[in-house]
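Tertiary structure, described
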Amino acid sequence: MDDELITERRPVAFPQVFGYLRHITGGLARHAALVECLTEYCSRHELNLGGVFTDRDATVAIRSAAFVGLVDALQVPDTYGVVVPALSHLGPKGIGAQRRRQLTATSTRLLVVRSFTPTRGTEPSADISAGLRPQGET
């Protein structure tokens, strides 16, 4: 991954992104820490965090209220993308893949704070579309 600031080679000033969290377990302190993680990432990469959508329901639905709200927010003109702490926040494997496809349809970027770091003999998941390549640091 490119460690440069995301906006270094783009003629934009503080592009708008929205955060998304799946926060099922843990208290308010854990949620605050996750939001702070997204806030710091956006600050480091010259992004404007417009809001954070949080799913708190243990039952996983592809079109949960928070995810639908996120997809709607991504339709705002000049929105750059969505930022998540890790791909696991999009949901379990099957649901996460379907949500990535829905995000692809919005023509925005998926930014992952803790992206996949391959270990010996493994490759990143092939089901991440080219338009949604995770970006960020580990």
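In this report, the structure presented in the accompanying data block is examined. All values derive from a computational prediction rather than experimental measurement.

Reading guide: rules and limits
Residues numbered from 1 in each chain as written. Predicted model: local features only at pLDDT ≥ 70, side-chain atom pairs only at ≥ 80, totals over all residues. Heavy atoms only, no water. Buried < 20%, exposed > 50% of the residue type's maximum accessible area, 1.4 Å probe, protein only. Helix = DSSP H or I, 4+ residues; strand = E, 2+ residues; numbered from the N terminus. Pairing = 2+ DSSP bridges. Right-handed = clockwise from strand over helix to strand, strands pointing away. Axes fitted to C-alpha atoms, helices over the stretch in contact; angles between N-to-C directions. Contact = heavy atoms within 4.5 Å. Core = buried A, V, L, I, M, F, W, Y, C linked by side-chain atoms within 4.5 Å. Arc of directions from axis to C-beta. Parallel < 35°, antiparallel > 145°, perpendicular 65-115°, else oblique. Left-handed = near helix turned anticlockwise from the far one by under 90°. Nonpolar A, V, L, I, M, F, W, Y, C, P; charged D, E, K, R; others polar.

Where burial is concerned, most of strand β1 (residues 16-22) is hidden: five out of the seven residues are buried. Across six bridges, the pairing between β1 and strand β2 (residues 48-55) is parallel. If you follow L21 over to β2, its bridge partner there is T54. Handedness of the crossover joining β1 and β2 through helix α1 (residues 28-44): right-handed. Two strands pair when backbone bridges link them, and β1 and strand β3 (residues 79-84) are joined in this way by four bridges, in the parallel orientation. Following the sheet pairing, V17 is matched in β3 by G81.

Quick look at the sheet that holds β1 now. Across the sheet, which stays open at both edges, the four strands sit in the order β2-β1-β3-β4 with parallel pairing between neighbours. The open sheet has two edge strands with one neighbour each: β2 and β4 (109-112). When the angles between neighbouring strand axes are averaged without regard to direction, this sheet yields 25°. Two strands pair when backbone bridges link them, and β3 and β4 are joined in this way by four bridges, in the parallel orientation. Residue pairing across strands places V82 opposite L110, the latter belonging to β4.

Let's shift gears to the environment of T25. Relative to the elements of secondary structure, T25 occurs in the loop between β1 and α1. Sequence separation of T25 and R56 is 31 residues, and the distance between their C-alpha atoms is 8.1 Å.

Before going further, it helps to spend a moment on the side chain of S64. Mapped onto the fold, S64 is located in the loop between β2 and α2 (65-73). The exposure class of S64 is buried, given its relative accessible area of 11%. S64 has contacts with Y20, D55 and R99, leaving out every residue within four places of it along the chain.

Here we take up the nonpolar core. Y20, F67, L70, V82, L90, L103 and L110 are the most contacted members of the largest nonpolar core, which has 14 residues in total. Elements that contribute at least two residues to this core include exactly β1, α2, β3 and β4. At five residues, the largest contribution of residues to this core is made by α2. In contact with L90, other than residues within four places in its own chain, are Y20, R22, F67, V84, I95, G96, R99, R100, L103 and L110. Listed in part, the 11 residues of the second largest apolar core include L21, L38, L47 and V83.

To continue, consider α2. Because each turn of an α-helix spans 3.6 residues, side chains separated by three or four positions end up pointing in the same direction. Of the residues making up α2, those classed as buried are A66, F67, L70, V71 and A73. Buried residues along α2 cover an arc of 160° about the axis, so they all sit on one side. At its buried positions, α2 is contacted by β1, β2, β3 and α3 (93-104).

Let us now look at the packing of α2 against α3. Interaxial distance between α2 and α3 falls to 10 Å at its minimum, and their mutual angle equals 20°. Judged on the interaxial angle alone, α3 and α2 are roughly parallel. Like other packed secondary-structure pairs, α2 and α3 cross with a definite hand, here right-handed. Listed contacts from α3 to F67, L70 and V71 of α2 are R99, Q102 and L103. Residues belonging to the contact of α2 with α3 are distributed by class as follows: four nonpolar, one polar and one charged.

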